[in-house]
Amino acid sequence: MANVSEFDEEVPATLADFLRQMRLKQTGENGKRLSLTAMHRRCGLSVPVLSKLETGRVTDPSGSTIKRVLDGYQLSFEDVAKYFPGPK
């Protein structure tokens, strides 16, 4: 999993910005930044869904989507928990 604390940048305000930042900090086998297509292969979510997550058009993803995102982006739930509302 990515160690979020290893990044010196300010923590993004939204889940969308955070996911995009985390994807762009990772590299694929070719040494280049991960594209949405490469992330699609990692987590099994479609490119349009990933795009919607990274642009903020999806703000309340399902539990199964979150699980796939965590696996594909190599994050822990603690890394993204602050972006979800607390209990009502």
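Residues numbered from 1 in each chain as written. Predicted model: local features only at pLDDT ≥ 70, side-chain atom pairs only at ≥ 80, totals over all residues. Heavy atoms only, no water.

What follows is about the packing of aromatic side chains. Per the counting criterion, the structure on display carries two aromatic pairs. Look at F77 and F84: their rings are 6.4 Å apart centre to centre, the planes differ by 5°, and that puts the pair in the stacked class. We classify F84 as buried; its relative accessible area is 19%. (Phe/Tyr/Trp six-rings, centres within 6.5 Å; stacked < 30°, edge-to-face > 60°. Buried < 20%, exposed > 50% of the residue type's maximum accessible area, 1.4 Å probe, protein only.)

Turning to the side chain of R23, a few remarks are in order. With respect to the helices and strands, R23 occurs in helix α1 (residues 15-25). Those residues within four positions of R23 in sequence are excluded, and the remaining contacts are L34, S35, L36, M39, E54 and Y73. (Helix = DSSP H or I, 4+ residues; strand = E, 2+ residues; numbered from the N terminus. Contact = heavy atoms within 4.5 Å.)

Time to look at the pattern of salt bridges. Applying the stated rule across the entire model yields two salt bridges. Measuring nitrogen to oxygen at the nearest pair gives 2.9 Å for the salt bridge that ties D71 to K67. Of this pair, D71 and K67 both sit in helix α4 (residues 63-73), four residues apart, roughly one helical turn. A relative accessible area of 47% means that D71 is categorised as partly exposed. (Salt bridge = Lys/Arg side-chain N within 4 Å of Asp/Glu carboxyl O.)

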